[in-house]
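# Descriptive analysis of the structure
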Amino acid sequence: MATVRAVDPNASTPTALAGLRDIGSQATWWLSSCKPGFGVEHLRDNSLETYWQSDGSQPHFINVNFKRKTSLKTISFYVDYKQDESYTPSRISIRVGNNMLDLVEIAKVEVVEPTGWVNVDLDSGKDDSVRTFMLQVAILSNHQNGRDTHLRQVKVFTPALPSPSELNLAFTSPLLAQFRCLK
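Residues numbered from 1 in each chain as written. Predicted model: local features only at pLDDT ≥ 70, side-chain atom pairs only at ≥ 80, totals over all residues. Heavy atoms only, no water.

A count of helices and strands for the protein gives three helices and twelve strands. Taken over 183 residues, the protein has a buried fraction of 44%. A total accessible area of about 10,100 Å² is found for the protein, and carbon and sulfur atoms account for 52% of it. (Helix = DSSP H or I, 4+ residues; strand = E, 2+ residues; numbered from the N terminus. Buried < 20%, exposed > 50% of the residue type's maximum accessible area, 1.4 Å probe, protein only. Areas by Shrake-Rupley, 256 points an atom, 1.4 Å probe, with all protein chains shown as cover.)

Listed below in C-alpha cells is the structure:
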C-alpha cells in the first residue's frame, strides 16, 4: 500500500520528488508531546540542525489536520541516526482519516539506522494518492529501545497541478480569446 524510498543523506531537501509540492503550510500541526523548546516549530523550520523531541512514553504522535479533503502523495522524514542514536525512530505508522476517531493505517515503515530523507509514497489502492482531512504519524519504536524520539523535518506532498500555460487551452471564439492573457 505504500512504498518507502531512502534518499541521498547529503540532500538538504527531499530530492527526486518531481511533480509534487509541499502543502505542510496549509495544515494545522500538533504533537502528542514535546520537550520545552523542541516543538512543532522545529519540525517545520527547514533546518536539519533543529528537531522535535518527544517527551513521555511511546507511541508518539504527529497530527496534521487539513481544512478540506486533500490529496496526499508522499510524506518525507529527515532522520539522522549518526547524531540521534537511540532517539531515532525505527518503526513508524502512517494513518489517515476524517478525524481522530476513524484513522486507518495505510503504511508501516521500518528503517534501520537511517540518515537522510526517507520518502513514503502513499497509495490508496485505487489511486496514486490518498484523499484525507487528517494525517497521523505514529512513532511506534526507536532504535536501541529509546524512549523519546527526534525527527528533524517532516514534509507532506501533494501532486502538483499543471500551470495554465501547460494546459494548452486554445480559445477558438473571439469572445473567449480576449481573456487569453492577463495584463
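Following the criterion strictly, the structure yields four salt bridges and no others. Note that Lys35 is salt-bridged to Asp55, the shortest N-O span being 3.3 Å. With Lys35 in the loop between strand E3 (27–31) and helix H1 (40–43) and Asp55 in the loop between strand E4 (52–53) and strand E5 (60–72), this residue pair connects regions lying 20 residues apart in the sequence. Judged by relative accessible area, Asp55 falls into the partly exposed class, the value being 34%. In this structure, the salt-bridge partner of Lys35 is Asp148, at a minimum N-O distance of 3.8 Å. Here Lys35, found in the loop between E3 and H1, pairs with Asp148, found in the loop between strand E10 (130–142) and strand E11 (150–151); they are 113 residues apart in sequence, far enough to count as distant. By relative accessible area, Lys35 is classed as partly exposed at 27%. (Salt bridge = Lys/Arg side-chain N within 4 Å of Asp/Glu carboxyl O.)

Of all the seven residues making up strand E12 (residues 153–159), six are buried; the element is thus mostly covered by neighbouring parts of the structure. Where strand E2 (residues 20–22) and E12 come together, three bridges link them in antiparallel fashion. Paired with Leu20 across the strands is Pro159, a residue of E12. Two elements, strand E6 (residues 74–80) and E12, share five bridges in a ladder whose sense is antiparallel. From the neighbouring strand, Phe77 faces E12, where its bridge partner is Val154. (Pairing = 2+ DSSP bridges.)

Further remarks concern the side chain of Ser33. Following the sequence through the fold, Ser33 ends up in the loop between E3 and H1. Among the polar contacts made by the side chain of Ser33, one reaches the main-chain carbonyl oxygen of Asp55 at a distance of 2.8 Å. Those residues in contact with Ser33 that lie beyond four places of it in its chain are Trp52, Gln53, Ser54, Asp55 and His60. (Polar contact = N/O pair within 3.5 Å; in protein donor to acceptor, adjacent residues only side chain to side chain. Contact = heavy atoms within 4.5 Å.)

Remember that the coordinates give geometry; whether it matters functionally is a separate question.
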